[in-house]
Every structure is written in structure tokens, then in C-alpha cells.
Protein chains: 2
Amino acid sequence: MNGLKIGRVAEIVEVSVDTIRFYERRGLLPEPDRTDSGYRVYARGDVRRLRFIKKAQEIGFSLNEIAELLALRTDDRKTCEDVQRRVQTKIAVINERIIQLEAFRRALSRLEAACTGDSTPASECPVIEALDDESVGSCKSQTPLAEM
Amino acid sequence: MNGLKIGRVAEIVEVSVDTIRFYERRGLLPEPDRTDSGYRVYARGDVRRLRFIKKAQEIGFSLNEIAELLALRTDDRKTCEDVQRRVQTKIAVINERIIQLEAFRRALSRLEAACTGDSTPASECPVIEALDDESVGSCKSQTPLAEM
DNA sequence: ATACACCCTTGACCATACTCCAGAGTCAAG
DNA sequence: CTTGACTCTGGAGTATGGTCAAGGGTGTAT
């Protein structure tokens, strides 16, 4: 039953073969066995590991963080406490991002409320004028939204 | 009073000279005049435009979006309504991201609550087990956090 | 025997917003 | 006349998470 080729694994886990090879390069997957002709051969444990990666991504971990979690998982010296600490850190980071996005939203809502929404020339739109001439107020963010 | 060199503009607006040249390549700034020796020469209007860019970034616009806003600003055919529509779209996008992050946070909080936080081996930590074996539940997100 | 699906490696490319570097020219002060 | 600060161009590098393409080998069915 063992000995899946990369295409089959990709199908089972629903990722692309490129992604699997990419994870291997990134160190998220161990180098698999090979057939004589050089084909990668995966076992059930690799499928499980890939599913782990996918689920961890879905709840917001980056690939680097997932690599850490995977390392924790197999390190006997690491405890539940270590895992909990990472989860708590992640929650704190997410909280900060939410707060920042809410600040963006407040700033935008304020601008939007000032809009007449009519056919006034864009150059005289309160939004444009605010950006052009004045402080937009309480948004002190240093991080562009695109980085979040 | 006019005729600032790039270093002075960078100082005034508090961005790097590299950033200014980068914005020029990106089309956010027009190609400035040059001295005989090829130095860029900026006028007050350029400083204002740079400040516009900075403020728009602070409230969450990407450089592409800012380019659009700048184009609106100087296009006589565009109205306050056009600007308002863009702001509303941006607010909607931010709302979605907030909702998604809140889903991440819920999923993580649930996991964290299951943690004993003690010296149980990490491999038996409920968080690891959840990622390893079961569905983590209601988080249906397709978007990794890192993309947000 | 040959078509076709599958696999291999290497390396480039997408978006985002810069940052840094080399190697060279410019300019003002001492 | 030299020093040092400033500027120029072009291109590479950073992080993230992949995707795609070229050019080739493998494996199986007909």
C-alpha cells in the first residue's frame, strides 16, 4: 500500500506537485526515497505531514512557523507549553493586525462620510483634499496595508 | 525658492532617495527636470505629491491604488463619486480581511484553550494533535495569513 | 514501436515595496 | 587640488508562497 508517487500524493492532499517539491526545498518535507529511475516515493507519513501543513496554513501560520511547529512535534524535549506559547504569540500578532485594520477602516470611513458622492470634480473631493493638504488624523500606522 | 535636489526632498518628506527614484519608475512621480549634470530637480508640487502618497499609504492604500487616486485627482472628468466608490471598495476589502483574521483568531483560541500548558510532550499537545489528525473545525479560509 | 501520461532538474517569474550595491560623475569647501 | 558629500544608472537582493517553462527521461498500454 505504500510507495506513492508525487502526482498521487498531490491528488490526495490537493496541492500541486510543484508545491510538494517546493516544500521539500523549503525543508518542510524530508527528502523522500527514490525509485531507481529517480522518482520520489512517499509514504503515508508524508501525506499526514502535508495535511498538517495545510491545516496549519488555514489557521494562519506561515511556512516558517509551520516548520517550527513540525520541529516541535518531533522534538522530545519540547512540551505542550512550548506549543502553547507559539499559539499565544500568533494570537497576539493577529490581534495587532486586526487593530491596525480597524484603524484603517475608521480613517477611511471618516473620509467616505465627508464625500458628497456627487459630480463635484474629483480634485475637490474631500478625500482627495484630505490627502492633499491635511493630516488624516489618528491613523499612526507605519505598516502599509499590503504588508499585512 | 524652487529647485530641490533629491536628497533634500527625501529629508523633507522623510522617505529615502531610493524610494523617490522607485516611485518615479513606478509612475507615481513624473520625471523631474534635470540640471545640466543630470541631477533631478524637484518643485514644491512634487513634495506635495509625495506627501499625498505617504498619507494614502498610511490609511491602507497600495501603490497601485494610490496611482489611481493620483490619476483621479487630476482628471477633470472624474468626480467625487468616483473617489467615494474607491474608498468604499477599499473599506469592503478591509472588512473582509478583518473577518478572516477574526476567524483565524477564533480557531487559534480554541486550540490554545485545549492546551494544558504543562510539560506534556509536544507531540501529545492538543494543538499538534488537532493539526495532525483531525479537522480544526470551522475555519474554512482559503487564504494563508501571509497573503493578507 | 510509439503514443501519452508521468516524472526529473534548473531556473525564471508573479506581486509588493522597497533597499542596497558598484562604479562613476558632480560640486562646494578648505 | 583634494576631500567628502551628494548624485547618477543599472541591476540585484529581501520576504512570501508558490507557479510555470524548457528540455529531458520513464513507464505502461495498445
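Residues numbered from 1 in each chain as written. Chains lettered and ligands numbered in written order. Predicted model: local features only at pLDDT ≥ 70, side-chain atom pairs only at ≥ 80, totals over all residues. Heavy atoms only, no water.

### Topic: the relation of the copies chain A and chain B
Here is the rule: A residue counts toward the fit only if its pLDDT is at least 70 in both copies, and the copies are then superposed by least squares on the C-alpha atoms of those residues. Between two residues, a contact is recorded if the distance between any of their heavy atoms is within 4.5 Å.
Between the two copies, chain A and chain B, the superposition gives an RMSD of 0.1 Å; the rotation angle is 180° and the shift along the axis is 0.0 Å. In the structure described here, the two chain copies are related by an operation that fits a two-fold rotation axis. The residues that chain A uses at the interface reappear at the interface of chain B in 100% of cases, marking a shared surface.

### A short note on the protein's contact with DNA strand D
This is how it is decided: Any residue with a heavy atom positioned within 4 Å of a molecule or strand is treated as near that molecule or strand. Residues adjacent in sequence count toward polar contacts only when both atoms are side-chain atoms; beyond that, a polar contact is any pair of N or O atoms within 3.5 Å, and within protein one must be able to donate a hydrogen and the other to accept it. Only runs of H or I of at least four residues qualify as helices and only runs of E of at least two qualify as strands under DSSP, and these elements are numbered from the N terminus.
The full set close to DNA strand D counts 20 residues, and Thr 19, Ser 37 and Gln 57 of chain A together with Gly 7 and Arg 21 of chain B are the nearest of them. Each atom of DNA strand D within 4 Å of the protein was classed as base or backbone; sugar and phosphate made up 80%. The contact in question runs from a phosphate oxygen of DNA strand D to an N or O atom on the side chain of Tyr 23 of chain A, over 2.9 Å. When contributions to the surface near DNA strand D are tallied by element, the ones reaching two or more residues are helix H2 (17-26) and helix H4 (63-74) of chain A together with helix H1 (6-13) of chain B. Here the surface near DNA strand D gets four residues from one element, more than from any other, and that element is H2 of chain A.

### Description of the protein's contact with DNA strand C
Close to DNA strand C lie 20 residues; Gly 7, Arg 21 and Arg 40 of chain A together with Ser 37 and Gln 57 of chain B are nearest. Taking the atoms of DNA strand C that fall within 4 Å of the protein, sugar and phosphate contribute 76% of them. At 3.4 Å, a side-chain N or O of Ser 16 of chain B approaches a phosphate oxygen of DNA strand C. A distance of 3.0 Å is found between a phosphate oxygen of DNA strand C and a side-chain nitrogen or oxygen belonging to Thr 19 of chain B.

### Looking at the packing of helix H3 (residues 44-58) of chain A against H4 of chain A
All names here are of chain A. Here is the rule we go by: A fitted line through C-alpha atoms serves as each axis, taken over the contacting stretch for helices, and the angle formed by two N-to-C directions is quoted from 0 to 180°. Working rule for angles: under 35 degrees goes down as roughly parallel, over 145 as roughly antiparallel, 65 to 115 as roughly perpendicular, anything else as oblique. By definition, turning the near helix anticlockwise from the far helix through less than a right angle yields a left-handed crossing, and turning it clockwise yields a right-handed one.
Where H3 contacts H4, the axes come no closer than 10 Å and their chain directions differ by 130°. Overall, the two elements H3 and H4 adopt an arrangement that is oblique. The way H3 lies across H4 gives a crossing that is right-handed. Contact residues: Arg 48, Arg 49, Phe 52, Ile 53, Ala 56 and Gln 57 in H3; Leu 63, Ile 66, Leu 69, Leu 70 and Arg 73 in H4.

So far we have only geometry, and geometry alone does not tell us how the molecule works.
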